[in-house]
Structures are given as C-alpha cells and as structure tokens.
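# Notes for the structure review
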Amino acid sequence: MAAHSINRFDYYAAPRAPIVWPHAVGVIPRQADCFQHREAVEALRRAVFGGGTAVLCQVLSGTGGVGKTQLAAHYARGCRRDGAVDLLAWVTASSRESIVSSYSRLASDVVAADSSDPEQAAYRFLAWAETTERRWLIVLDDLADPADLRGLWPPANPRGRVLVTTRRRDAALGGRSRNRVEVGLFTPAEAESYLAAQLAAFGRQDDRAQIAGLAADLGHLPLALAQAAAYVVDLGLNCAEYRARLADRSRTLSELVPDDSGLPDDHRAALQATWSLSVEHANRLRPAGLARPMLHLAALLDANGIPVDVLTSAPALRHLTDHRPAGGAHSQLAPLSVDEAAGALRCLDRLSLADYLSEGSRQRVRIHGLVQRTTRESLSTSERDALAVTCAEALIAVWPTFACESSREQALRANAETLISHAGSALWQSGCHPVLLRTGESLGATGLVAAALSYFRALHAEACRYLDSDHTDALTIRHYLVTWQAETGDLGDALSEFAVLVEDRLRVLGPDHPDTLAARGDMAAMQGRAGDPAGAGVSSAEVLHDLLRVLGPDHPQTLTARLNVAHWAGATGNPTAAVRECEALFADTARLLGPDDRRTRAVRLHLALWRGEAGDPAGALLDFEQLLTDQLRVLGPDHPQTLNTRHDLARWRGKAGDPEAAVAAFEHLLIDQLRVLGAYHPDTLTTRHDLASWRGEGGDARSAVSSLEDLLVDRLHLLGPDHPDTLTTRANLAYWRGKDGDPAGAVTATSELLADRLRVLGPDHLDTLTTRHNLAQWRAEAGDPAGAAVAEAQVLADRVRVLGPDHPHTLSARHHLAQWIGKAGDPQDAAVALGRLLVDQLRVLGPAHPATLVTEASLAFWRDAAQHE
C-alpha cells in the first residue's frame, strides 16, 4: 500500500480491492434499433481472422454516419458474450487527453498505478498490455487525429486485439501491423430492410417501392436512414410525402431530421452537422486552407464521380487561389499548382469526405450526395452562383468539342447535368453559358438523338425566359434544336424550321452576319439530305458568293463553304469536279491553317472520297492511308476522327476489290469503337452495318442477314422506325435476304420499305428512287425480267428528271434497264441501249471508271447473245 507523511502523522491508503476478471472499462454504446447484420459485420470478422492468422489491429475507416461505431460495438459485445476477452476497454479517442485519461483509468484498475500523473499511468498500462497473459480488447472509438496516438498505440501482443474507428485514411493508420477495413454504405437491400424494420417497429407499413426510393434518395447512409425514419414517425408522414419534402430544395436538411432532443439511437449530432468537424480537420491539413473551397466546388458536381482534371483545371485553380487563406506560405498573388489542388482532394479523402479513385489513367472523386447537400446549404446564393460559373468553366476547359471515349463523355455530361440542376439562373447571367450547349451536343453525339432534341427544346424555353426569343444565344439554341430534329429523321419539318430560323436571323442580325450565313449554309446541307442535292448545290454556291464578299477568301468560314460546294458537286453526279475543287481547297487550307488543322484534314477526307467516286479506288485508298497516318500522329488512335478514317479506309479496301480485307479491317475497328465509343454510338452502329454488308460481298450472305437483323432491332429501339438509318438497314437486309436465296422475300420486304420511304421521304428523294430501283432488280431475280424492265424504265425517267441525265445513278438505271430488256428476251435492244450508254459513260466518267468497264463487258455479252439468237 502507498504511505504518505502528513506533518508527524503517517497515513496509509486503504488496500485496493483486487480486480475481478473479466473486467470492462468504458461504456459500449447501446445497439441501434433494428441493427442490421450487414456484410460489413462479416468483413470485420474475416479481417480479424484472415487466412487463419489473427490480425491484431483493425482500423474501421469510413465517412461519418456509415455505422463504424455500431460495428465496433457489435464486435465488442460478441467478444464479451463469448468470454473471448479478460479485459474489454472502450476508449473515446476523439482527443489525446481522452485517450490518456482512459489509459490512466485502466492502469489504476489493472496495475494499481497512481493516476495523479495520467501520462505515466498510461505508459504503465501499455507496458502491462504488452506482457500480460490476459486476453484484452481495446476499442479506440472515433479517432480524430492519428497524431493523438503517437506513443499510445496498444502494443503487439498475441493475446490482445485492437479495434479503431475513424474517419481518417492516413497512411499512419496502415502498415504491416494494422489492417484497414473500409466501412461503406448499406447495400440497397440492407438499406430497404433497415428502413422497413424501423417503420414496422412503430406499427408503420409503407409501399416497398417508396421505401426503396427513399433509401436511394438518402444514398443508403445508415445515419440518414435512422434520422429520416424518426422524422417520418414523429410527423406522421409516409415515405412518399417525406421524399417530396426531401426533393424540395427550398427546405434544408436541418428541417428534415429531428431536432437534437429527438435524435434516435443516442446520435450525438443531427445529420447536417455530421461532417462539420471532418471539414475543419481536412482544411487544416497541408496544403492548408484548400480542402474547404475544393469541397465547395465538388458539392455542385456529380456525386458518383467527378473527373480529377475538372477539379484541377485552370478555372478551379483560380477559385482555390482566390479562396486561399491569408498569411500562407505562398504569396496571395501566386497561382496554385495542379499538385496543390490534387493535395486538397487528398485531404478530403483522408477525412473520408470524398473517395479519390484511380482507375487506369483516369482519376475521379466520389462524394456522398448528403455531404454535397450539406455543403451547398452552407453557402450564400451569391457564393453558389459564383461556384456554378466556375464549375461550368472547369468542365468546358477539359471537355473536347468532339465526342470522346464513351465513359469519359458520359462522366463529363453527368457532371454538367448535375451542375445545371443546381445552377438555376447562374449560367444565364451573361447569356447562355457554353456548358449548356456542350451538354446537349454530347447527348446527340453519343447517339442519344431524341434526348438531345428534348434537351434543346427545354433549353430554348429557358433561353426565352432568361433572355429573349431574339437574343443571339436563343437563336443559336434554335439552330442546335433544328439540327437535332433533322438527326431524328424528321428532315421535312426540320427544313421548314430552318427556313424560319434563317428569316429570324436575317431580321435580327442582318444578311451579312456570320451567324446568318452559317444558318444558310447548314440549311443548304439539310436541303441536300432531304433529297434535293441540286438545290443544295445552288444554295451552297450562293452562300459562298456572299462569304467571299463579306469575310473574304481566306476566312475559315469561307473555306468551309467551298468544301460544301465541292461536296454537292460530287453528290449531284460530278465527282471529277469535286476532286478538282478539293485539290485546290486543300492547297489553300494547308497554306492558311496548316496541314494538321482539323479543317485541312476534313478537306483531305473529302478529296479521298470523291477521288474514289470518280473511279480511282486505288487513289482513294492511298489518300485515306496517308490521312490515317497523320491522324494517328496528331490525334492518337482513339480519337473519333481517327476511327472514322479507319472506317472509310476499310470501305474503300472493299470497293477496290478486296472484301476480305474490308471485313478484317471492320472487325478490328468494331472492337475499338465498342471500347472507346460504346455499343450504341452512331459510328459503332454504322460499322456494324458496313461489316455485315462486306461479309455479304465476301460471299457470306447468311451472316450478313443475321447481323443486319440484330442491327435492325437496335436501330428501331434507338432511332425509331422512320429514321433514315433504320430505313437503310431495312433496305440492306432485304438485299441480302435476296442474295441468300430468297428473291421473293426481298420483293416483299422492299415493297414494304418503298411504302415507308414514300411516306417519310417523298417520291423524289434519292433513297426512295434507289428503293424503286432495288424493287425492280428483285422482281427480275424472282423471275419477272419484263416487269422489272417496265419498273426500271419508270425509275430512269424520274432519275433523269430529278438528277439529270449524267448523274451516276441515272447511268446506273440505264445499265440495269438494258440488262432486264436482254433477260426479257431482247438481246438486240439490250446491246443497242448499252452501246449508247457506253458513249455517255466514256464522256462523263472516262474509260477507266469501274462502271464504264462493267458496261463494256455487258455490251460484249449481249452483242454475242444477239448474234447467236
């Protein structure tokens, strides 16, 4: 016993009662109502005895509210119930003082240490724990700072176990002797079961779908579910009513949970206050003062994944620089670096306020939606508006103007959509922010054409509300709206709407404004797509004339107009003229813009295309190969334009007479497009279509039919029955069914297609005329060459009227008409018709054109047949 001298008297302390084993110090929190035996319970058990070897220290890490303390308490109770420990210590580890105080109490109990010097007593307890044969479990609950355990970590003793709960993820909490167990959210099933049980405990039943919806709305966060259940019960609401309140942004989270007196399960704080201390700790970590402004940015973006380069972009760095605390190590004027911004994200990750995820070359940040909402609600309206603009600028800074790799494109669009939902009028303060347009473009460019159309309709309504219907930005949105209307296949109505838009731009901006001229140019292109290539050529030439006058010959918009004129020259049957114009234009764009500019590359692509159409497939192949080499160097292998050039190269390999090489090239391209663009991107679907066709050309008609049947299902689902691409798939499916031995079936399918193309496109559209031509062909193949000749004569008359006598399609119709005349029993008339055709083809196409060579062979055949008749 300890003796003390008081003056001349000796005082002896009373003997300490011997400790009774098993012994417990500290209060284990009571088990939460409706405690879920969740997967995390089993994960902890597996971690403690992983692989049959006990791991002495487990660190339960996770954001606030995921149930770390409840898991630790459940484990501790089980150890006590099973008699697995002699000493169970529950230590509140929120500060070093609290830890030392608990250790001092333990030392007093197990070694009778003097608690007047808590630090020394704590060390005596740790010394005991290192050498004792007693079995012990120490739970360090809610460790706020790993530094608080410096020198106070329980020792390694095979008889002992340590369990730590913390929001921290610092490296100091890991290592060989400690195993970190990440505690996440409830699974959807766990969350639904928990919420249903909580309600049932108060005699409440609710719709399971609404329970599941509420669990999802709250992000499956255990703390939020518990407090929401208490609120619902207290106010007599059902889940649907609570969800409506939760979705109402005029209400804050503090209004949607019980006040402090009504918190369930001995919760220490209401939901909205759960993360405030973590934010303070994160903001003190180096780089100091940046975690909070970084969290402000992240609060307006997609909770499921924010690309790190968005949060480290130049606009984000300016925001962090402007909100850096005064008196830091760097000058207030010195801009922050990308590394410092990334460091701020790491601070949020270390406090479990965000998850910093690395997935290959891509890095993203994930943050719980309720953390975001709490953060947003802490900001003033002016702060939120400024942050919205900063986030929009950050997205635009990293978002290419072309559709990029599918998961990247989807991630950027998801972040933009989240931002737009929170921004309100902030993105309209200086007109329509570019991120609003880029979001809609992204929808369409990735194949979501109907969604793009709906998006721009809604955006135009907002423009009229925030700006004015005649504002230049509102007119620009209408331009996008009409463009995507055309992409849905509604070319007729889109063309009419474009005419109205051009009139409005003439009225508002004047005839010489670049936007007016651009609208006229795009309207001309739509005119051609709608079945009037000759009219498109005339309109494009008129636009070019005005651009030369207004902007001059060297302006990029003028160069684009020249390319349009060349295109429509080729499309109206004069590919040779298109080649000449593209060659001259290529020299000018290379001189003015440089050989690697995207507009120069576009000219090279058209030059290759029209060179092939002019009868030089070998030259087209060479052009495409050289273009592909340069695109690989400038853009890389996964750029959509590089992939498109590979597509064109594969097609011209087939047209040059090597269908096997075309099939191989398309197969390799499809693999890359599926990886980069996704299964439903328009370019991927086009490759599937052409791959099927070239398999047929290579002799495998059965495979072509099967592939086109699958593609038709997807295009019907994605585009609808009247979209031009859907109709094209039906046309080719009918063709290959005929080639696979079913000409009668091809006649039936082509007849049905003709009715739809007449209804959708009109009688004079090129595709409608082609369908009539195909129908005549299949009638001949089905055994009616005389009927085919009559039908083809009608097609020829209409092609002469619509396209002119020298168009390649007109010349093709003359060739087929001669063929059917001969097969109907009149080889002499067939030979005469082919002789006349050959004269015109030599004049229009030249002697080396593949079509001319085919006519020469056909003429020889029918002349021979006539002689032997």
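As a starting point, this report considers the structure included with it. (Residues numbered from 1 in each chain as written. Predicted model: local features only at pLDDT ≥ 70, side-chain atom pairs only at ≥ 80, totals over all residues. Heavy atoms only, no water.)

### Some thoughts on the overall build of the protein
Applicable threshold: Going along the chain from the N terminus, every DSSP run of H or I of four or more residues is numbered as a helix, and every run of E of two or more is numbered as a strand. Only the protein chains shown count as cover for residues, with accessible areas throughout obtained via the Shrake-Rupley method and a probe of 1.4 Å.
Each helix and strand counted, the protein has 37 helices and eleven strands in total. Along the first, second and third principal axes, the C-alpha set of the protein runs to 145 × 60 × 55 Å. Accessible surface, the protein as shown: approximately 38,300 Å² in total, 53% of it carbon and sulfur.

### Topic: the pairing of strand S10 (residues 355-359)
Quick note on the threshold: Here a strand pair is declared whenever DSSP counts at least two bridges between the two strands.
Pairing of S10 with strand S11 (residues 362-366), which is carried by five bridges, proceeds in the antiparallel orientation. Paired with Leu357 across the two strands is Arg364, which belongs to S11.

### Examining the pairing of strand S4 (residues 57-61)
We count it as follows: Classification of residues uses two cut-offs on accessible area relative to the type maximum, computed with a 1.4 Å probe and protein chains only: under 20% is buried, over 50% is exposed, and between them is partly exposed.
When you tally the buried positions in S4, you get five out of five residues, the bulk of the element. Residues Cys57, Val59 and Ser61 point to one face of S4 and Gln58 and Leu60 to the other, with burial holding for every one of them. Here S4 pairs with strand S7 (residues 160-166) via five bridges, running parallel. Across the sheet, the residue bridging to Val59 is Val164, located in S7. In this structure, S4 lies alongside strand S8 (residues 178-182), joined through five bridges in parallel fashion. Bridged to Leu60 within S8 is Val181.

### Focus on helix H24 (residues 575-593)
Using the following cut-off: Here, expected helix span is obtained from the residue count minus one, scaled by 1.5 Å. Contact between two residues is taken to exist if any of their heavy atoms lie within 4.5 Å; hydrogens are not considered.
With 19 residues, H24 extends 25 Å from end C-alpha to end C-alpha; this agrees with the ideal 27 Å at 1.5 Å per step. If you check which residues of H24 are buried, you get Pro575, Ala577, Ala578, Val579, Cys582, Leu585, Asp588 and Thr589. Tucked inside the fold, the buried residues of H24 contact helix H23 (556-571) and helix H25 (598-613). Trailing H24 by a residue or two, Gly594 shows a phi angle of about 100 degrees, which is positive.

### Things to note about the pattern of salt bridges
A side chain with one charge can pair with a side chain of the opposite charge if their charged atoms come near. Stated formally: For this document, the term salt bridge refers to a Lys or Arg side-chain nitrogen within 4 Å of an Asp or Glu carboxyl oxygen.
According to the stated counting rule, one finds 55 salt bridges in the structure shown. Note that Lys655 is salt-bridged to Glu613, the shortest N-O span being 3.4 Å. Here Glu613 lies in helix H25 and Lys655 lies in helix H27 (residues 640-655), a separation of 42 residues in the sequence. Lys655 sits in the partly exposed class, given a relative accessible area of 38%. Overall, Glu613 belongs to the partly exposed group, its relative accessible area being 29%. Notably, a salt bridge pairs Asp672 with Arg646, separated by 2.8 Å at the nearest N-O pair. Here Asp672 is found in helix H28 (residues 659-676), whereas its partner Arg646 is found in helix H27, with 26 residues between them in sequence.

### A look at the sheet that holds S11
Strand order across the open sheet formed by three strands is S9-S11-S10, with antiparallel pairing between neighbours. At either end of the open sheet lies a strand with only one pairing partner, and these are strand S9 (306-307) and S10. Alignment of S9 against S11, held across two bridges, turns out to be antiparallel. Bridging from a neighbouring strand, Ile306 pairs with Val365 of S11.

### Some remarks on the packing of aromatic side chains
Which entries qualify depends on this criterion: Two aromatic rings from Phe, Tyr or Trp, using only the six-membered ring of Trp, form a pair when their centres are within 6.5 Å; if the ring planes differ by under 30 degrees the pair is stacked, by over 60 it is edge-to-face, and anything between is tilted. Ring-over charges, as used throughout, are those where CZ of Arg or NZ of Lys falls within 6 Å of the ring centre and within 35 degrees of the ring normal.
Summed over the entire model, instances satisfying the criterion amount to eleven aromatic pairs. Aromatic side chains Phe125 and Trp128 sit 5.9 Å apart centroid to centroid with 25 degrees between the ring planes, which places their arrangement in the stacked category. Residue Phe125 and its partner Trp128 are both found in helix H4 (residues 118-131); the two are separated by three residues, about one turn of the helix. Trp128 gets classed as buried once you look at its relative accessible area, which sits at 14%. For the ring pair Tyr455 and Phe456, a centre distance of 5.4 Å and an interplane angle of 85 degrees mean the geometry is edge-to-face. On the basis of relative accessible area, Tyr455 is assigned to the buried category, the value being 18%. By relative accessible area, which is 0% here, Phe456 ends up buried. What links up through ring pairs into an aromatic cluster is the set Trp21, Tyr103, Phe125 and Trp128. We note Arg346 situated over the ring of Tyr356; from NZ or CZ to the ring centre the distance is 3.6 Å. Its end group placed over the ring of Trp652, Lys655 keeps NZ or CZ at 4.4 Å from the ring centre.

### Comments concerning the packing of helix H35 (residues 808-823) against helix H37 (residues 850-867)
Keep this limit in mind: With axes taken as lines fitted to C-alpha atoms, and helix axes fitted only over the stretch in contact, angles between N-to-C directions fall between 0 and 180 degrees. With respect to orientation, any angle under 35 degrees is reported as roughly parallel, any angle over 145 as roughly antiparallel, any angle of 65 to 115 as roughly perpendicular, and every other angle as oblique. A clockwise turn of the near helix away from the far one marks a right-handed crossing, whereas an anticlockwise turn of less than a right angle marks a left-handed crossing. Note that Gly is not counted as nonpolar here; it falls among the polar residues with everything else outside the nonpolar set of Ala, Val, Leu, Ile, Met, Phe, Trp, Tyr, Cys and Pro and the charged set of Asp, Glu, Lys and Arg.
Relative orientation of the contacting elements H35 and H37 amounts to 20 degrees, with a least axis distance of 11 Å. By the angle between their directions, the pair H35 and H37 is classed as roughly parallel. Between H35 and H37 lies a crossing of left-handed hand. Contacts between H35 and H37 involve His815, Gln819, Gly822 and Lys823 from the first element and Val854, Thr855, Ser858 and Trp862 from the second. Its residues assigned to classes, the contact of H35 with H37 shows two nonpolar, five polar and one charged.

### Some remarks on the state of the cysteines
Think of a disulfide as a covalent bridge from one cysteine sulfur atom to another cysteine sulfur atom. Selection criterion: Disulfide: a pair of cysteine sulfur atoms within 2.5 Å of each other.
Going through the model one piece at a time under the given rule, you end up with zero disulfides. Cysteine Cys57 shares no disulfide, and the gap to the nearest cysteine sulfur, in Cys79, comes to 14 Å. Residue class for Cys57 comes out buried when judged on its relative accessible area of 6%. Residue Cys79 is classed as buried on the basis of its relative accessible area of 10%.

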